[in-house]
Amino acid sequence: MSDIKSKEVSAGSHPFKEIEAKWRKFWEDNGHHTADLNDSAKKLYSLVMFSYPSGEKLHIGHWYNYGPADTWSRKKKMEGFNVFEPMGYDSFGLPAENFALKSGVHPAISTAANVDYIREQLKQIGAMYDWSKELATSDPQYYRWTQWLFLKFYEHSMAVRKEAPVNWCPSCKTVLANEQVINGRCERCETEITHKNLKQWFLRITRYADRLLAGLDRLDWPAKTIAMQRNWIGRSEGSEIFFTGEKSGERIPVFTTRADTLFGVTYIVLAPEHPLVEKITVPECRQAVIEYVERSRRLSEIERLSTVKEKTGAFTGSFALNPINGERIQIWIADYVLYSYGTGAVMAVPGHDQRDWEFATKFNLEIRQVIEPSDDSSFDLARGAFEDYGRMVNSREFTGLDSRIGMNKVTEKLKSQGQGDFRVNYKLRDWLISRQRYWGAPIPIIRCEKCGDVPVSESELPVLLPNIRNFHPTGEGESPLATSPEFVNVRCPRCGGGARRETETMDTFVDSSWYFLRFLDPAYEKGPWDHDLVRKWLPIDMYIGGAEHAVMHLMYARFFCMFLFDIGLVHFDEPFLKLRHQGSITSKGSKMSKSRGNVINPEHFLERYGSDTLRMYLMFMGSYSLGGDWDDSGINGISRFLGRVYRLVSKYASEIKTRFPLAYSAIDQMDAGLNHRLNLTIKHVSGDIETLEFNTAIAACMELVNDLQKVSESQRLNNNQFYYSLQTLVLLMAPMAPHLAEELWSMIGGSGTIFSQAWPQADPQALALNTITMVVQVNGRLRGNFDVPAGIDEDAFFKIVSQDERVGKFIEGRQIVKKVFVPGKLLNIVIR
RNA sequence: GCGAAAGUGGCGGAACUGGCAGACGCGCUGGACUUAGGAUCCAGUCCCGCGAGGGGUGAGGGUUCAAAUCCCUCCUUUCGCACCA
C-alpha cells in the first residue's frame, strides 16, 4: 500500500489532496510543461480560448473547456508530439472594466488581482500550461504591439476613420460592432441598441470578404461554424441598376438579385437615412417625409427589424425613370430598406417580392406580373407575390426567357448602355473598432488641425493608458480619456504644433485577434513576435473553445491573419486549421451568470473529490460538443472509480515493481479474453480521446477495470498478463487523470513523468477473436446467440443453429424462403 | 417566419458504414463484511407475463429479410438567421 494516508480523503476515493499537490509541484520544479520551442520537428500547438478576467472567477464551464482540451493534449504528448499549450488573459475590455466600475477599484488594480486569482484556479486544473509564456492583453508589453499592428493596418489604408450610423449601447455607453449586436441588443448587457451617426475607426474587413469565404473550404472546423461564417459574410450575386431622378437627373443605384423582374418595377424605395431623400423630396411632401425619417431614427433596432411589423413609409413626391423602358415611377422611403446594405435603395417589384407586395398592398401601388411559373401552374397575385424563378412575361424582347437567363441578358443590356452592371454584395460590414471606454488599448493616432490624422511613430509606442481617477464612461460618445489633459494634449509629430491624441480605445477583439502569435515569446521586444518561432510553430494545430465566438473572434482572427500574410508578416493565412467547440454547461437550464445566481464553482468539488475526479466527471457527463445541464449527482461514480483504480493498482504495486517495466512480448500464458479486452480498451480510448468523445473513453476504462477486478477476486493472476494490463491501464488513464496516473506510475516502479512514456498501441491480432458470438433471427426476431469460430460460413453456421432447439422449434415444418447471412454478425432465416 | 441539429429506462447517456437496443455510470432493490456506514464487495434493475413469449428508441405512416439509424408528415426542444432586395 502507498505510504500516503489521508484523513481528509472522501471515503472510497483516492488520497487526492497529497497526490495532486505533490505532482503539480513535481511538474513545476522539473519544468515539464515548458515546451522546447526550438525543437519543432514534431510540434503541436494546442490552444484553448483564453479567459477574460472579470469580477467573476472561473466556474465549472471554464473547467469544461480547459480540462478535456488538456486531456487531448496530454495524449498527443504521449504520442510523441512536442506539445505547446499556453494560457493567458484577455484582460482588457468591458467585463473587467464593468467590474472595476462596480467595485470602485481601478481596473488596473482589480484586473491584476483577478488575474492572480484566476491563475491559481487554472493551476488546479493540472493542465500542461507553459506558464513561462503567460500573457495578458492589458499589459503594456502586449498592447504596445496591438497598437503597432493598428499602425500597420493604418499604413495600408486598412484602418480608416469614417462617419457612419453605428450601434450605440446606452448602458455600456459605447459603440459596438455589428457582431456584438444580438437581436438588436447589446451582446454584453442585453440593453436595446440605438443608433448614432459618429465618426469612428473601422478596419476594412469587407475587403477580405471573398478571401474569408474561400478560406473556409480548407478548414477542419465544425460544419455549423463554417455555415455561420458563410451566412455572416452573406455573399450575394446580382446586379446594380441605375434609375434616374426625373427632375434632378440624379443617378439612383439599386441592388437586385432579380434583374429579370425589372419590367415589374412599379416604384422604388430609399432607406430613410439615404442622402438623396433630402434632395428629391418635393415641398408638398416634405413635412410627412421629415416626420417619417425622425420616427424611424427614434425606433429601436428591435422595433425596426421586427418582421411582423406592418410596412410603413412615405412618398417623396418625386419620380424616377426605369432604365429598361423609361417608365416613370414613384420614389418612396421606407424603413424596410436598410441603408447599410447594398446601395440603400431598392427597386420594388410587388408582383415578385413579398415585402414589396405587402408595401404596395398597403399603399395601393400597382402590382404587376412579369414572371410566370415555368410549369404553367397557376398562382394568385392578389394573395401574395410569386417569388420563384420562372418564365419572363410582359418584358418586351425578354419575354419567354427563363429567369436565370433573363437576369443576365437584362443586366448585359443595361451594362452596354451604361445603366447597370453585375455586382456582388455582402452582408459583412467593416469592423468598427472604436470604443468610448477607458479599459482598452488607446488608438495610436494624433489629430492635428494642420496635418490631419498622424500616426504615432513606432518608437513612441506604447501609448500608455493614463492612470486617471475617473474612468467612468461619459455617455456623450466621448471616451473618458478625453478628460485627461495630460493625455490628450501633445505635439504633432509632423509639424510640431499643438495637437490632440485620439481618445478612443480599441475593441477587445483586436487584442484577441493575434494573441496566439505572441504566446511563443510574450517578452519579445524586437517586434510583435519572433518570426523564427512563428515560422516553426504556426498555424495552430488544434483550437478548442466556445461556439459563441463563431462569427466574432474567429472571423476577426482569420482576417488579421490574412492581412498579416499579405503584408509579409506571417507565412500562413489561416490561423486555426482544426477547431472544435465544447458544448456549454448550463445550470438549472440557463446560462451560468452571477446575476442569475446559478454559477457553479469548482472549489467545493475540488475540496471534496479532487481535480482528477472533477475533470473526469466533466468528461463523463455526456458528449463534449453538446454540453448539458450541470448535475453533480453522478460525481460519486467517478470518485468511486478512481478510488477503485487506486486500490487495485496499489494492491499489486510491489508485484509489478519487481517486474517493471513489463513488455507485451514478455507475457507468458495469455488469457485471450483479458487480452482482447485490454487491446479493445486501447483502441477505444485512443480513438475516443482523439475525437474528443471522452465519455466513451472513460466507459471503456471502466469496463477494463471491471474485468481486472474480477481477475483480482478470482486470484487468476499467476502470470504477468494481469500486471501488464494494470500497467497499461495507468497509461491509458494518464491524460484523463494526470495526477493520479503519475502517482500510480511511480508506485509501480516508473520514474520521472508518465507523460514521457509512449502511448499504448493496440495489437491487431488480439482484437481479432477466434471465437465470436453470432445471433440468429427468424423473420427478423432474435432467437438465439451462438459462440462459433470466427470466419464460419453460412452453411456451417446454419447447420449448427438449425439443430439447436432454440431455433429449431421456430423453423421446424416451415418453408425457408430465404436466408440472410452477415459474416461475423448474424443469420436471419425468413420462413413462411 | 426560414435554416440546422436533436428527441432512447427513474436520471446522465451508449449503439461503427441499417444487423443482439439500453454499454458505462447515477439512482434504486436485495445480500456480504460490519458496533455502525453516506465506505467497500457481490447480485439484480426497460415494460407486460409464473412461463413460453409479447411490446418497446417523441407521434403516425413508409422502404427493407432486418430501422434508434434511411424516406415522408406532424409534435417538442436547442441553436443559428431574421425585411440583406
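Residues numbered from 1 in each chain as written. Chains lettered and ligands numbered in written order. Predicted model: local features only at pLDDT ≥ 70, side-chain atom pairs only at ≥ 80, totals over all residues. Heavy atoms only, no water.

### Examining the overall build of chain A
The number of helices and strands found in chain A is 27 helices and 34 strands. Overall, chain A is about 105 × 85 × 45 Å in size when its C-alpha atoms are taken along their principal axes. The buried share among the 832 residues of chain A stands at 55%. Sequence-distant contacts, at least 24 apart, represent 72% of the contacts inside chain A between residues at least 6 apart. (Helix = DSSP H or I, 4+ residues; strand = E, 2+ residues; numbered from the N terminus. Buried < 20%, exposed > 50% of the residue type's maximum accessible area, 1.4 Å probe, protein only. Contact = heavy atoms within 4.5 Å.)

### Points about helix H2 (residues 60-78)
Compared with an ideal rise of 1.5 Å per residue, which puts 19 residues at 27 Å, H2 spans 27 Å between its outermost C-alpha atoms and is within 8% of the ideal. Counting buried positions along H2 gives 17 out of 19 residues, so the element sits mostly inside the fold. One or two positions beyond H2, positive phi appears at Gly 80, with a value near 100 degrees. (Expected span 1.5 Å × (residues − 1).)

### Section: unusual backbone geometry
The phi torsion of most residues other than glycine is negative, and most of the peptide bonds are trans. In this model, Leu 461 is joined to Pro 462 through a cis peptide bond whose omega is 0 degrees. With respect to the helices and strands, the residue Pro 462 is situated in the loop between strand E22 (452-455) and helix H13 (485-488). Cis geometry is adopted by the peptide bond preceding Pro 661, which originates at Phe 660 and carries an omega value of -10 degrees. As for its position among the elements, Pro 661 is in the loop between helix H20 (635-659) and helix H21 (672-690). Of note in the backbone geometry, Asn 779 takes a positive phi value of approximately 50 degrees without being a glycine. Assignment of secondary structure puts Asn 779 in the loop between strand E31 (771-778) and strand E32 (781-789). Judged by relative accessible area, which is 41%, Asn 779 ranks as partly exposed.

### Let's talk about the protein's contact with RNA strand B
In the region of RNA strand B, 55 residues are neighbours, and Thr 257, Tyr 341, Arg 355, Met 621 and Met 702 sit closest. For RNA strand B, the backbone portion of the atoms within 4 Å of the protein, that is sugar and phosphate, comes to 65%. Residue Lys 311 places a side-chain N or O atom 2.7 Å away from a base oxygen belonging to RNA strand B. When residues in the surface near RNA strand B are grouped by element, the largest group, seven residues, is from helix H22 (residues 694-714). (Near = heavy atom within 4 Å. Polar contact = N/O pair within 3.5 Å; in protein donor to acceptor, adjacent residues only side chain to side chain.)

### Topic: the sheet that holds strand E26 (residues 542-546)
Strand order in the open sheet made by the four strands is E2-E1-E26-E27, with parallel pairing throughout. Two strands in the sheet have a free side with no partner beyond their single neighbour: strand E2 (82-84) and strand E27 (579-582). Looking at each pair of strands side by side, their axes are set apart by 20 degrees on average, direction ignored. Both strand E1 (residues 43-48) and E2 contribute to a ladder of three bridges, which runs parallel. Each residue of the ladder has a partner; that of Leu 44, found in E2, is Val 83. Contacting E1, E2, E26 and E27, H2 crosses the sheet at an angle of about 175 degrees to E1. (Pairing = 2+ DSSP bridges. Axes fitted to C-alpha atoms, helices over the stretch in contact; angles between N-to-C directions.)

### Let's talk about the nonpolar core
Across soluble globular proteins, you tend to see nonpolar side chains buried next to one another. Ranked by internal contacts, the top residues of the largest apolar core, which has 180 residues, are Tyr 45, Trp 431, Phe 516, Leu 517, Phe 559 and Met 616. Each of two domains, domain 1 (38-144 + 510-604) and domain 2 (149-204 + 430-507), supplies a minimum of three residues to this core. Each residue touching Trp 431, except ones within four places of it in the same chain, is listed here: Ala 177, Trp 201, Phe 202, Leu 203, Ile 205, Asp 507, Phe 509, Val 510, Ser 513, Tyr 556, Phe 559 and Phe 560. In this structure, Leu 276, Ala 314, Met 347 and Met 407 belong to the second largest nonpolar core, which totals 46 residues. (Core = buried A, V, L, I, M, F, W, Y, C linked by side-chain atoms within 4.5 Å. Domains from an automatic or database assignment.)

### Here's the deal with the sheet that holds strand E23 (residues 489-491)
Sheets are built from strands paired through backbone hydrogen bonds, the pairs being either parallel or antiparallel. Here we have four strands laid out as an open sheet, ordered E22-E21-E24-E23, and antiparallel in their pairing. The open sheet terminates on both sides in strands that have one partner only, identified here as E22 and E23. Taken pair by pair, the neighbouring strands of this sheet meet at an average axis angle of 40 degrees, ignoring direction.

### Concerning the domain arrangement of chain A
How big an interface is tends to be stated in terms of the accessible area lost upon association of its parts. Domain boundaries in chain A define domain 1 (38-144 + 510-604), domain 2 (149-204 + 430-507), domain 3 (236-425) and domain 4 (771-831). Computed over C-alpha atoms only, the centres of domain 1 and domain 4 are separated by 57 Å.

### Considerations on H22
Between its first and last C-alpha atoms H22 spans 30 Å; for 21 residues at 1.5 Å apiece the expected length is 30 Å, and the two agree. Regarding H22, the residues found buried are Phe 694, Ala 697, Ile 698, Ala 700, Cys 701, Met 702, Leu 704, Val 705, Leu 708, Val 711 and Ser 712. The secondary structure elements touched by the buried residues of H22 are H2, helix H19 (611-620), H20, H21 and helix H23 (720-733). Gln 715 sits one or two residues past H22 and shows a positive phi near 60 degrees.

### Observations regarding the packing of H22 against H23
Taken N-terminus to C-terminus, the directions of H22 and H23 make an angle of 155 degrees; their axes are 11 Å apart at the nearest point. With respect to their mutual orientation, H22 and H23 come out roughly antiparallel. The crossing of H22 and H23 is left-handed. Residues Cys 701, Leu 704, Val 705, Leu 708, Val 711 and Ser 712 of H22 lie in contact with H23, whose contacting residues are Phe 722, Ser 725, Leu 726, Leu 729 and Met 733. Of the residues assigned to the contact of H22 with H23, the class counts are nine nonpolar, two polar and no charged. (Parallel < 35°, antiparallel > 145°, perpendicular 65-115°, else oblique. Left-handed = near helix turned anticlockwise from the far one by under 90°. Nonpolar A, V, L, I, M, F, W, Y, C, P; charged D, E, K, R; others polar.)

### A closer look at the environment of Lys 133
Relative to the elements of secondary structure, Lys 133 occurs in the loop between helix H4 (107-125) and strand E4 (135-136). Since its relative accessible area comes to 13%, Lys 133 is described here as buried. Spatially, the C-alpha atoms of Lys 133 and Phe 84 are 9.9 Å apart, while their sequence positions differ by 49 residues. Ignoring anything within four residues of it in the chain, the contact list for Lys 133 reads Leu 37, Phe 84, Met 87, Phe 519, Leu 520 and Pro 522. A distance of 3.2 Å separates a polar atom in the side chain of Lys 133 from a polar atom in the side chain of Ser 132.

### Points about the packing of aromatic side chains
Centre distance and the angle of the planes are the two values used to describe a pair of aromatic rings. In total, this model carries 49 aromatic pairs according to the counting rule given. Considering the side-chain rings of Phe 153 and Phe 559, the 5.7 Å spacing of their centres and the 50 degrees angle between planes classify their relative orientation as tilted. Here Phe 153 is found in helix H5 (residues 140-155), whereas its partner Phe 559 is found in helix H17 (residues 553-566), with 406 residues between them in sequence. Here Phe 559 falls in the buried class, since its relative accessible area comes to 0%. (Phe/Tyr/Trp six-rings, centres within 6.5 Å; stacked < 30°, edge-to-face > 60°.)

### As for the side chain of Asn 325
Position of Asn 325 among the secondary structure elements: in the loop between strand E13 (314-321) and strand E14 (328-333). Polar contacts involving the side chain of Asn 325 include one to the side chain of Glu 327, which spans 2.9 Å. Other than its neighbours up to four places away in sequence, Asn 325 contacts Phe 263 and Arg 396.

### A look at the confidence of the model for chain A
Low pLDDT marks stretches whose predicted atomic positions should not be read closely. On average, chain A scores 91 in pLDDT, and the residues at 70 or more come to 97%. Looking over chain A, one finds the lowest element-wise mean pLDDT in helix H10 (residues 301-305), namely 65, and the highest in helix H15 (residues 515-518), namely 98. Counted against residues more than four places away or in other chains, residues 1-10, with its pLDDT under 50, gives 18 contacts. (pLDDT = per-residue confidence, 0-100.)

### Quick word on empty space enclosed by the protein
Counted according to the given criterion, the structure contains one cavity of 30 Å³ or more. Roughly 40 Å³ of volume is contained in the largest cavity. Lining the largest cavity are Val 645, Leu 729, Val 730, Met 733, Ala 737, Leu 740, Ala 741 and Leu 744. Looking at the lining of the largest cavity, the elements with two or more residues in it are H23 and helix H24 (738-747). (1 Å grid on protein atoms, 1.4 Å probe; cavity = no way out; pocket = protein on both sides within 12 Å on 5 of 7 lines; lining within 4 Å. Points joined across faces, edges and corners; volume = space filled by probe spheres on them.)

### Description of the pairing of strand E33 (residues 816-822)
Sheet analysis places E33 next to strand E34 (residues 826-831), joined by six bridges and oriented antiparallel. Following the sheet pairing, Lys 818 is matched in E34 by Val 830. Taking the residues between adjacent antiparallel strands as the criterion, E33 and E34 are bridged by three residues, where Gly 824 takes a positive phi near 80 degrees.

### Quick word on the environment of His 549
Mapped onto the secondary structure, His 549 falls in the loop between E26 and H17. Distance from His 549 to Glu 179, taken between C-alpha atoms, is 9.9 Å for residues 370 residues apart in sequence. Ignoring anything within four residues of it in the chain, the contact list for His 549 reads Met 49, Phe 509 and Leu 554.

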